[in-house]
Amino acid sequence: MNRTILIVEDEPSIVTLLKYNLEQKGFLTDVAYNGEDGMERFKEKEYDLIVLDLMLPKMDGMAVCKSIRKINQQIPIIMLTAKDAEYDKIHGLEMGADDYLTKPFSPKELIARINAILRRTDETGIKQTSKLELGKLVIYPQKFEAFLKGELLELTRKEFELLVYLTQHKGEILSREQLLNSIWEFDFVGDSRIVDVQVSHLRDKIEEDTKKPLYIKTVRGFGYKMEDPT
Ligand code: CA
């Protein structure tokens, strides 16, 4: 079955390059040349992944990403940008993007990342477990659903993967690097703050008092540890 990827990008030369390379690898592609059109297409059809440029006419990539996440927390989004600022990288991931590529990038690199994300979506270890329970948390990895005290949590894909990983490794001290490698797969060298950002988001959603977390404990100078609060 062919995967369909939505490309939201306003530079025709990059669109041509992406389309060609993705189709070579057996992907189907749709293209939107501005943010509004990207949103329209996203609502019309089910895609397997979205490649989203940051600087777009009409509605920028951040706004598109945010709007998509309001509707769909799971669809993988890879952001493209000409900027190399750390701020944008962190901000993009905060808006719910799964990954980030700075222009100019090689199509090979993009395809490697797309495949990594899709592979994880398909067969991941996390999908083989049908139910995880910890304290008042109940997680159904296959359904991408997590409940706290019976209430469905609204989690982004990364938050969800982090929650599952932490829960599967409860009681273990996990370093930021280990979390980065397991959940983000490729190297964000020196960017372990991304882990802190996601942990803080997750705490906002599952902890009653984020200053005194009961589930995700900070192990000072090392990383994090998931505990059973009961
Ligand atoms: Ca652009």
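Scroll up to find the structure this text is about.
Keep in mind that this is a model prediction, so the values were computed, not measured.

K.L.:
What should I look at first to understand the coordination of the calcium ion in this one?
P.N.:
Ideal values for angles at a metal depend on the geometry: 109.5 degrees with four tetrahedral donors, 90 or 180 degrees with six octahedral donors. Around the calcium ion, the protein contributes the donor atoms Asp 10 (OD), Asp 53 (OD) and Met 55 (O), at 2.1 to 2.3 Å from the metal centre. In terms of primary sequence, the donors binding the calcium ion are separated according to D-x42-D-x1-M. Residue Asp 53 is classed as buried on the basis of its relative accessible area, which comes to 2%.

K.L.:
Got a minute to help me understand the sheet that holds strand 5 (residues 99-102) in this structure?
P.N.:
The pairing of strands in a sheet happens through backbone hydrogen bonds and is either parallel or antiparallel. If you walk across this open sheet you meet the five strands as 2-1-3-4-5, and the pairing is parallel. The strands lining the two open edges of the sheet, one partner per strand, are strand 2 (28-32) and strand 5. Averaged over all adjacent pairs, the angle separating strand axes in this sheet is 20°, with direction ignored. The pairing of strand 1 (residues 4-8) with strand 2 spans five bridges and is parallel. The partner of Val 8 across the bridge, within strand 2, is Ala 32. In the packing of helix 3 (residues 61-71) onto the sheet, contacts are made with strand 3 (49-53) and strand 4 (77-81), and the angle to strand 4 comes to roughly 170°.

K.L.:
Mind showing me how you'd approach the environment of Leu 132 here?
P.N.:
Turning to its location among the elements, Leu 132 is positioned in strand 6 (residues 132-134). Given a relative accessible area of 13%, Leu 132 falls into the buried group. Remark: the alpha-carbon pair of Leu 132 and Val 164, spanning 32 residues in sequence, is separated by 8.0 Å. For Leu 132, the residues in contact, after removing those within four places along its chain, are Leu 137, Val 138, Ile 139, Pro 141, Val 164, Thr 167 and Gln 168.

K.L.:
Just to check I follow, could you spell out the sheet that holds strand 12 (residues 223-226) for this structure?
P.N.:
In spatial order, the strands read 10-12-11; together these three strands make up an open sheet with antiparallel pairing. Since the sheet does not close on itself, it has two edges, and those belong to strand 10 (173-175) and strand 11 (216-219), each with one partner. Here the average twist between neighbouring strands, direction ignored, is 35°. Pairing of strand 10 with strand 12, which is carried by three bridges, proceeds in the antiparallel orientation. Bridging from a neighbouring strand, Ser 175 pairs with Gly 223 of strand 12. Across the sheet, helix 8 (residues 176-184) lies against strand 10 and strand 12, angled at about 75° from strand 10, the strand it touches most.

K.L.:
Where do I start with the nonpolar core in this structure?
P.N.:
The nonpolar side chains of soluble globular proteins are, as a tendency, buried together. The biggest cluster of nonpolar side chains holds 30 residues, and the ones touching the most others in it are Leu 163 and Ile 216. When contributions to this core are tallied by element, the ones reaching two or more residues are strand 6, strand 7 (137-140), strand 8 (145-148), helix 7 (157-168), helix 8, helix 9 (193-206) and strand 12. No other element matches the six residues that helix 7 contributes to this core. With near-sequence residues (within four places) excluded, Leu 163 lies in contact with Leu 137, Ile 139, Ala 146, Leu 155, Leu 202, Ile 206 and Met 226. Residues Met 39, Leu 54, Met 62 and Tyr 100 belong to the second largest nonpolar core, which totals 21 residues.

K.L.:
Teacher, can you tell me more about the pairing of strand 4 here?
P.N.:
Within strand 4, five of the five residues are buried, which leaves it mostly tucked inside the rest of the structure. Alternating residues of strand 4 divide into Ile 77, Met 79 and Thr 81 and Ile 78 and Leu 80, and every residue in both groups is buried. By the bridge criterion, four bridges tie strand 3 to strand 4 in an arrangement that is parallel. Residue Ile 50 lies in a different strand from strand 4, and its bridge partner there is Ile 77. What joins strand 3 to strand 4 is helix 3, and the crossover it makes is right-handed.

K.L.:
Just checking my understanding: could you explain the pairing of strand 8 for this structure?
P.N.:
Working note: regular strand, side chains alternate between the two faces of the sheet. The two faces of strand 8 differ: Ala 146 and Leu 148 on one face are buried, but Glu 145 and Phe 147 on the other face are not. Taken together, the four bridges between strand 7 and strand 8 define a ladder with antiparallel strand orientation. Looking at strand 8, one finds that Tyr 140 is bridged to Glu 145. Remark: four residues form the turn of the hairpin made by strand 7 and strand 8, two consecutive strands paired antiparallel; Phe 144 in that turn has positive phi of roughly 55°.

What counts and what doesn't
- By convention here, each chain's residues receive numbers from 1 onward along its written sequence.
- Given that the model is predicted, a residue must reach a pLDDT of at least 70 before its local features are reported, and side-chain atom pairs must reach 80 or more before they are shown or counted; all residues, however, enter totals for whole chains, interfaces and linings.
- Calculated side-chain values reflect all of the structure's heavy atoms, with hydrogen atoms and water omitted.
- Atoms of type N, O and S within 2.8 Å of a metal are treated as its donors, and for Na, K and Ca the window is 3.2 Å; water is not considered, so some sites may appear to be missing partners.
- For the exposure calls, accessible area comes from a 1.4 Å probe over protein chains only, and a residue counts as buried if that area is under 20% of its type's maximum, exposed if over 50%, partly exposed in between.
- A pair of strands is labelled paired if DSSP reports no fewer than 2 bridges between them.
- To qualify as a helix, a DSSP run of H or I must reach at least 4 residues; to qualify as a strand, a run of E must reach at least 2; elements of each kind are numbered from the N terminus.
- Angles here are taken between N-to-C directions and fall from 0 to 180 degrees, while the axes themselves are lines fitted to C-alpha atoms, restricted in helices to the stretch in contact.
- Note on contacts: a residue pair qualifies if any of its non-hydrogen atoms lie within 4.5 Å across the two residues.
- Note on terminology: a nonpolar core comprises buried Ala, Val, Leu, Ile, Met, Phe, Trp, Tyr and Cys residues joined through side-chain atoms within 4.5 Å.
- Orient the strands so they point away from the viewer, and a crossover whose first-strand-to-second-strand path over the helix runs clockwise is right-handed.

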